[in-house]
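# Reading the structure
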Amino acid sequence: MVSYVINNGPRPVAPATRERVLAAIKELGYRPDRVAQAMASRRTDLIGMIVPDARQPFFGEMAHAVEQAAAERGKMVLVGNSDYRGEREVHYLRAFLGMRVSGLILVAQGPSEGAAAEIDAWDARVVLLHERPESIDDVAVVTDDVGGAQLATRHLLEHGHAYVACLGGVETTPSVGDPVADHVEGWRRAMLESGRSTEGRLFEAPYNRYDAYGLALELLSGPNRPPAVFCSTDDQAIGLLRAARELRIDVPGELAVAGFDDVKEAALTDPPLTTVSSDRPAMARAAVDLVLDDGLRIAGRRDGGTGRVRQFPSALIVRRSCGCA
């Protein structure tokens, strides 16, 4: 009877009986043995989450949103950083699944063949968040990356610029489901639909602000400085803004800038960064619900998408870096 109260099942307990058991637990200072519970159920109250680099604001904010959503379901989150390395991703997959986590939320980068093989071997409950690698056929929660990039690029073009350059990613052969590749595709579509060429206007750039800053110094000090730049991540845009400030280039007077992600810092840059936002709290709740609830994983369709991919809309957040007052 006590275990039914502590574990909320599997059999119902009368309200009066539940109150007596809870009162006795409080009086005795009883604490459940979570290890023993995990051994009996072969599951823990843990959710594993693997991100590329929690030092980057987007991934840090996403991990925090997942942690909050998991707490609402009585779960805790373990976070591992893959550092964009396949072997680190596999290391954490094995570690977390070996701990019998209730489920795994994976923010994967690239093809992830090793991760796909590991997931198949463990028959794991996995939800992909933010990115859906082509090699992993599992439930995914994503945002409209192509549409959001189109919104940002169109907005810059509407300010009358001759063209918009793009800071893309570092992959020469981007994979299907890669958000940065989708951001580049959205930029490309917006440019082409306006009758503008993209040739020579896409630049490979690291995702983080520090390395993007170095590339931006070269780009902005060269003879063919673009009038406007769409950055595939806000971190790239922050590095670009720093380079423009050092080169005494007025933003937005001489250079218009837009990013993607709407990290909290984007509102505090100088000038504040125009960017593309997604509903990270809602995406985090969806990922947690899907990884814990079999019914949702199989049949859930909310906020658009197919039964296996739930896509959330993107929204343009207009600030001053694009030229708007």
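Scroll up to find the structure.
Rules and cut-offs
Residues numbered from 1 in each chain as written. Predicted model: local features only at pLDDT ≥ 70, side-chain atom pairs only at ≥ 80, totals over all residues. Heavy atoms only, no water. Salt bridge = Lys/Arg side-chain N within 4 Å of Asp/Glu carboxyl O. Helix = DSSP H or I, 4+ residues; strand = E, 2+ residues; numbered from the N terminus. Buried < 20%, exposed > 50% of the residue type's maximum accessible area, 1.4 Å probe, protein only. Contact = heavy atoms within 4.5 Å. Pairing = 2+ DSSP bridges. Axes fitted to C-alpha atoms, helices over the stretch in contact; angles between N-to-C directions. Core = buried A, V, L, I, M, F, W, Y, C linked by side-chain atoms within 4.5 Å.

## Considering the pattern of salt bridges
Taken as a whole, this structure holds 14 salt bridges when the rule is applied. In this structure, the salt-bridge partner of R73 is D289, at a minimum N-O distance of 2.9 Å. Taken as a pair, R73 in the loop between helix 4 (57-72) and strand 2 (76-81) and D289 in helix 11 (residues 280-292) lie far apart in primary sequence, 216 residues in all. Using a relative accessible area of 33% as the deciding quantity, one classes R73 as partly exposed. For E185, the salt bridge goes to R188, with nearest N and O atoms at 3.8 Å.

## Describing the side chain of D235
Mapped onto the secondary structure, D235 falls in helix 10 (residues 234-246). When residues no more than four places from it in sequence are discounted, the contact partners of D235 are Q56, P57, Y207, N208 and R209.

## Details of the pairing of strand 5 (residues 139-143)
Here strand 5 lies mainly inside the structure; five of its five residues are buried. The side-chain alternation of strand 5 yields two buried faces, one formed by V139, V141 and T143 and the other by A140 and V142. Sheet analysis places strand 4 (residues 126-129) next to strand 5, joined by three bridges and oriented parallel. Residue pairing in the sheet places V127 in a bridge with V139 of strand 5. Note: strand 5 against strand 11 (residues 309-312), four bridges, orientation parallel.

## Here we look at the sheet that holds strand 11
The six strands lie next to each other as 2-1-3-4-5-11, forming an open sheet whose pairing is parallel. If you trace the sheet from one side to the other, it starts and ends with strand 2 and strand 11, each paired once. Shown here is a sheet whose adjacent strand axes are inclined to one another by a mean of 20°, direction ignored. Packing against the sheet, helix 4 makes contact with strand 1 (46-51), strand 2, strand 3 (103-106) and strand 4, and its axis sits at approximately 170° to strand 1.

## Re the nonpolar core
M49, L129, V141, F230 and V257 are the most contacted members of the largest nonpolar core, which has 66 residues in total. Ranked by residues supplied to this core, first place goes to helix 11 with nine residues. For V141, the contacting residues outside a window of four places in its chain are V127, L128, L129, H130, M283, A286, A287, L290, R310 and F312. Counting residues in hydrophobic clusters, the runner-up holds 18 residues, among them L93, F96, L104 and A124.

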